[in-house]
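What follows is each chain in one-letter form.
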Amino acid sequence: MSNSPVLTISGLKAAIEGKEIVKGLSLEIKGGEVHAIMGPNGTGKSTLSSALMGHPKYEVTEGTITLDGEDVLEMAVDERARAGLFLAMQYPSEITGVTNSDFLRSAINARRGEGNEISLIKFIRQMEAKMKELEMNPEFAHRYLNEGFSGGEKKRNEILQMMLIEPKIVILDEIDSGLDIDALKIVANGVNAMRSPDRGFLIITHYQRMLNYVKPDFVHVMMQGTIVKSGGPELAERLENEGYDGIKEELGIVDETVGQGV
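The structure contained in this document is the topic of the report that follows. (Residues numbered from 1 in each chain as written. Predicted model: local features only at pLDDT ≥ 70, side-chain atom pairs only at ≥ 80, totals over all residues. Heavy atoms only, no water.)

**Structural notes on unusual backbone geometry**
With glycine set apart, most residues show a phi of negative sign, and most peptide bonds adopt trans.
Next, step 1: Even without being a glycine, asparagine 146 presents a positive backbone phi close to 65 degrees.
Next, step 2: With a phi close to 50 degrees, glutamate 174 is a non-glycine residue in the positive phi region.
Next, step 3: Position of glutamate 174 relative to the elements: it lies in the loop between β9 (169–173) and α6 (181–193). (Helix = DSSP H or I, 4+ residues; strand = E, 2+ residues; numbered from the N terminus.)

Given below as structure tokens:
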């Protein structure tokens, strides 16, 4: 990787089943930056991540998304991944019949492109090294993808994918939910190890605790389907101390909810 990536979201509106959830959101994420989006349940945080990756249930009705000047909305999901977008999901799918290592190697090769595939030996070395960093049992390489994994193991596996694929823009959708403190620290260490000018991060979270370990450069508060306030790490601390009520009062927001779990 050479140039520092830029993801630009401008005036984005997104709907699910005709109901508008994201209501005109703009954000720019550059390589080397960590942005955190915080907000109560149902304000459109997960809809945003799904719209960025091209989930078929979510319709972008207005606005633009570009990655290094390329129109993301014109790309299919796999093209977005190859271009360098990566989403670590809140609820990763279990896929029977596909081993973790086969899946990871295929994903890396898809990202690297034809004629530039990773050798088996190099892949095994890299995978084993990263699994060790994440304190994952080596057996997990040979198990079916996410099958029988605990919530915490699935989350570590998402971070393992990120570390091996080396995307340009990483979206972490509530990667901290359901993690005990030890698992949270391991996941955070994995994220911190990947911070570089070649990579930007968007961390979507309810809680300050993830941000105690992964220090954001920018914190954005999302309510009513858009970003209502932005600041530095101190904004996350303020939310931790006083919840969202202080922000709502300050901005005169009556009801921030636009739909549960979106």
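**Description of the packing of helix α3 (residues 100–112) against helix α5 (residues 151–165)**
When two helices pack together, their arrangement is given by the angle between the helix axes and the distance between those axes.
Next, step 1: Where α3 meets α5, the axes come as close as 9 Å, and the angle between the chain directions of the two elements is 35 degrees. The two elements α3 and α5 cross, and the hand of that crossing is right-handed. Seen from α3, the contacting residues are Asn100, Phe103, Leu104, Ala107, Ile108 and Arg111; seen from α5, they are Asn157, Leu160, Gln161, Leu164 and Ile165.
Next, step 2: Per-class residue counts for the contact of α3 with α5 are seven nonpolar, three polar and one charged. (Axes fitted to C-alpha atoms, helices over the stretch in contact; angles between N-to-C directions. Left-handed = near helix turned anticlockwise from the far one by under 90°. Contact = heavy atoms within 4.5 Å. Nonpolar A, V, L, I, M, F, W, Y, C, P; charged D, E, K, R; others polar.)

**Observations concerning the layout of surface pockets**
Next, step 1: A volume near 1,000 Å³ is recorded for the largest pocket.
Next, step 2: Around the largest pocket, the lining is made up of 42 residues, and of these Met53, Val77, Leu87, Met89 and Glu158 lie nearest the centre.
Next, step 3: Looking at the lining of the largest pocket, the elements that each hand over two or more residues are α1 (45–53), α2 (77–83), β6 (85–88), α3 and α5.
Next, step 4: Ranked by residue count, the leading element in the lining of the largest pocket is α1, at five residues. (1 Å grid on protein atoms, 1.4 Å probe; cavity = no way out; pocket = protein on both sides within 12 Å on 5 of 7 lines; lining within 4 Å. Points joined across faces, edges and corners; volume = space filled by probe spheres on them.)

**What to know about the nonpolar core**
Next, step 1: Counting residues in hydrophobic clusters, the biggest one holds 48 residues, and the most contacted among them are Ile159, Met162, Leu172, Val191, Phe201 and Met210.
Next, step 2: Once you skip the residues sitting within four places of it in the chain, phenylalanine 201 turns out to touch Ile29, Glu33, Val34, His35, Met162, Val170, Leu172, Val191, Met194 and Arg195.
Next, step 3: By size, the runner-up hydrophobic cluster in this structure holds 23 residues, among which are Ala14, Leu27, Leu48 and Leu67. (Core = buried A, V, L, I, M, F, W, Y, C linked by side-chain atoms within 4.5 Å. Buried < 20%, exposed > 50% of the residue type's maximum accessible area, 1.4 Å probe, protein only.)

**Quick look at the sheet that holds strand β11 (residues 218–223)**
Next, step 1: The strand order across the open sheet formed by six strands is β6-β9-β10-β3-β11-β12, and the pairing between neighbours is mixed. The open sheet is flanked by β6 and β12 (226–231), the only strands paired with a single partner. Geometrically, the sheet is characterised by an average inter-axis angle of 20 degrees between neighbouring strands, direction not taken into account.
Next, step 2: Of the pairings in the sheet, the one linking β9 to strand β10 (residues 200–205) comprises five bridges and is parallel in character. Its bridge partner lying in β10, isoleucine 169 is registered against glycine 200.
Next, step 3: Packed onto the sheet, α5 meets β6, β9 and β10 and runs at close to 165 degrees relative to β6. (Pairing = 2+ DSSP bridges.)

**As for helix α4 (residues 120–133)**
Along an α-helix, residues three or four apart share an orientation, since each turn contains 3.6 residues.
Next, step 1: In this model α4 runs 20 Å from its N-terminal to its C-terminal C-alpha over 14 residues, within 8% of the 20 Å that 1.5 Å per residue would give.
Next, step 2: Of the positions making up α4, those classed as buried are Phe123, Met127 and Met131. For α4, the arc enclosing every buried residue in end-on projection is 60 degrees, short of the 170-degree limit, so these residues lie on one face. In α4, the exposed positions angled more than 90 degrees off the buried face are occupied by Ile121, Arg125, Glu128 and Lys132.
Next, step 3: Looking at the buried residues of α4, the elements they touch are α3 and α5.
Next, step 4: Two residues or fewer after α4 comes glutamate 135, characterised by a positive phi angle close to 55 degrees. (Expected span 1.5 Å × (residues − 1). Arc of directions from axis to C-beta.)

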